[in-house]
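If you want the building blocks of each chain, they are given just below.
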Amino acid sequence: MMETKKGRKRGIRQLPLHMLILPSVIGLLLFNYYPMAGLVMAFQDYKPRLGYLHSPWVGLSHFEYMFTYPDSVQVIWNTLLIASLKIAANIVVPIVFALLLNEVRALFFKRFVQTLVYLPHFLSWVILGGILTDILGNKGIVNHLISALGADPIFFLGDGTWFRITVVVSDIWKEFGFSTIIYLAAMSGINMSLYEAAEMDGAGRFKQTFHVTLPALVPVILVVGTLALGNILNAGFDQIFNLYNPLVYREGDIIDTFVYRIGLMNGSFSFATAVGLFKSAVGLVLIVIAYRLAYRFGNYRIF
């Protein structure tokens, strides 16, 4: 009886906290869970005028079409390749930059550099796409410099191989500064006595980085890598859509742009839903696998 009364009192005290998160819970239900009812379209020949209830069922035909379409294998390969390169680069580059920036002792210069590299993250790919198109075009400043050095101009946005390189490098340039925040925050929490002990043992700054800083960053790297694997089939629709053209469809077309061109532009809402469901299922499996590996090899767990 006493435990019941204590539980009620505790519930009354916590009621304001529950009310505080209520708007967020309602928003989550409305915008994240309620739209999941639309997944039924993946198994229908959905017609807006007929709605969910009266559109004819077609079973797994949209999934079969997705894997039998002539360009589907190439599109999936493009997506995996570009996404994998982005994930790897956006883990390695921010770590290296954070380690270098952590060694800077001039506070003003350090903050200036941080601000400078953060800025591209806040620009949309619509703006950056236009900037990159002007800079990397045949008559852009980059090709002017290449020609001035006596080399042939490079068709960055018209050659498939160069297009992939441009996509990965431009994504790194846009995101690595913001990702650096995570690693700098983790470095600030490292116990300074570890560095002092390493220094007393004769370790220089280079060895301290490898034997103290990097091991301390392993849990953060595992978290970032685990979360990133869920986006292995998201190679960046905004970026690709604003940079690509028919000349690089074969090497640059990813699942999202493929669905946009083949599905949504033709009103094939069911096909687009089927592809989205496939991507979500693959992402879920990869996150579970990555979490298990992180727990086994890095002793990282959420629950």
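Counting starts from 1 at the beginning of each chain's written sequence and moves along it residue by residue. Residues qualify for local features only when their pLDDT is at least 70, as the model is predicted, and side-chain atom pairs are given and counted only at 80 or more; totals for whole chains, interfaces and linings, by contrast, use all residues. Side-chain descriptors were evaluated using all non-hydrogen atoms of the structure, hydrogens and water having been removed beforehand.

- In the annotation of an unreviewed UniProt entry, the chain is listed under the name Sugar ABC transporter permease and assigned to Cohnella zeiphila.
- Here the chain is described in UniProt, under the heading Subcellular location (unreviewed entry), as follows: "Cell membrane".
- UniProt positions are given in the numbering used here, feature names are shortened, and annotations may be inferred rather than shown by experiment. If you open the UniProt record of the chain and go to Sequence similarities (unreviewed entry), you find "Belongs to the binding-protein-dependent transport system permease family."

**Description of the layout of surface pockets**
Then comes step 1: The pocket and cavity definitions rest on a 1 Å grid over protein atoms only: a 1.4 Å probe that fits but cannot leave marks a cavity, an open set with protein on both sides within 12 Å along at least five of seven lines marks a pocket, and residues lining either have an atom within 4 Å of a point. Grid points are joined across faces, edges and corners, and a volume is the space filled by probe spheres set on the points. In this model, the largest pocket occupies a volume close to 510 Å³.
Then comes step 2: Lining the largest pocket are 19 residues, and of these Ile-87, Asn-90, Ser-179, Ala-228 and Asn-231 lie nearest its centre.
Then comes step 3: Only runs of H or I of at least four residues qualify as helices and only runs of E of at least two qualify as strands under DSSP, and these elements are numbered from the N terminus. The set of elements that each furnish at least two residues to the lining of the largest pocket consists of α4 (72-102), α8 (160-188) and α10 (205-229).
Then comes step 4: Among the elements that make up the lining of the largest pocket, the one with the highest residue count is α8 (7 residues).
Then comes step 5: Residues are grouped as follows: Ala, Val, Leu, Ile, Met, Phe, Trp, Tyr, Cys and Pro are nonpolar; Asp, Glu, Lys and Arg are charged; all remaining types, including Gly, are polar. Across the lining of the largest pocket, the residue classes break down as 11 nonpolar, 4 polar and 4 charged.
Then comes step 6: Quantified by volume, the second largest pocket comes out at close to 200 Å³.
Then comes step 7: The wall of the second largest pocket is formed by Asn-102, Glu-103, Arg-105, Met-187, Ser-188, Ile-190, Met-192, Tyr-195, Arg-205 and Thr-213.
Then comes step 8: Of all the elements in the fold, those that place two or more residues in the lining of the second largest pocket are α8, α9 (192-200) and α10.
Then comes step 9: By residue class, the composition of the lining of the second largest pocket is 4 nonpolar, 3 polar and 3 charged.

**A closer look at the environment of Phe-67**
Then comes step 1: Within the element layout of this structure, Phe-67 appears in helix α3 (residues 61-68).
Then comes step 2: For the pair Phe-67 and Tyr-52, spaced 15 residues apart in sequence, the C-alpha separation works out to 25 Å.
Then comes step 3: Between two residues, a contact is recorded if the distance between any of their heavy atoms is within 4.5 Å. Not counting residues within four places of it along the chain, the set of residues in contact with Phe-67 comprises Ser-72, Ile-76 and Phe-278.

**Comments concerning helix α6 (residues 125-136)**
What sets the pattern is the α-helix's 3.6 residues per turn: residues three or four places apart point alike.
Then comes step 1: Partly exposed residues are those whose accessible area sits between 20% and 50% of the maximum for their type, while under 20% is buried and over 50% is exposed, using a 1.4 Å probe and protein chains only. Residues Trp-125, Leu-128, Gly-129, Leu-132 and Leu-136 constitute the buried set of α6. Projected down its long axis, α6 carries its buried residues within an arc of 105°, all on one side. Exposed side chains of α6 directed beyond 90 degrees from the buried face belong to Val-126 and Asp-134.
Then comes step 2: On the buried face of α6, the contacting elements are α7 (141-148), α8 and α11 (237-243). Of all possible arcs, the one meant is that of the directions from the helix axis to the C-beta atoms.

**Description of the UniProt feature "transmembrane region" (unreviewed entry) in the chain**
Then comes step 1: Per the UniProt record, "transmembrane region" (unreviewed entry) is found at residues 20-43, 75-100, 112-132, 176-195, 216-237 and 269-294.
Then comes step 2: Secondary structure content for residues 112-132 is 71% helix and 0% strand, and the end C-alpha separation is 24 Å.
Then comes step 3: Between the C-alpha atoms that bound residues 176-195 there is a distance of 26 Å. The span itself is 85% helix and 0% strand.

**Remarks on the environment of Leu-81**
Then comes step 1: Its location among the elements puts Leu-81 in helix α4.
Then comes step 2: For the pair Leu-81 and Ala-235, spaced 154 residues apart in sequence, the C-alpha to C-alpha distance is 8.6 Å.

**Let's talk about empty space enclosed by the protein**
Space left empty within the atom packing is revealed by a probe, the size of a water molecule, rolled over the atoms.
Then comes step 1: Taken as a whole and judged by the stated rule, the model has 1 cavity of 30 Å³ or more.
Then comes step 2: Of the voids in this model, the largest cavity is the one considered here, and its volume is about 60 Å³.
Then comes step 3: In this structure, the largest cavity is lined by Met-66, Ser-72, Val-75, Ile-76, Ile-255, Phe-258, Val-275 and Phe-278.
Then comes step 4: Secondary-structure elements contributing two or more residues to the lining of the largest cavity are α4, α13 (255-263) and α14 (269-298).
Then comes step 5: For the lining of the largest cavity, the element with the most residues is α4, which contributes 3 residues.
Then comes step 6: A class-by-class count of the residues in the lining of the largest cavity yields 7 nonpolar, 1 polar and no charged.

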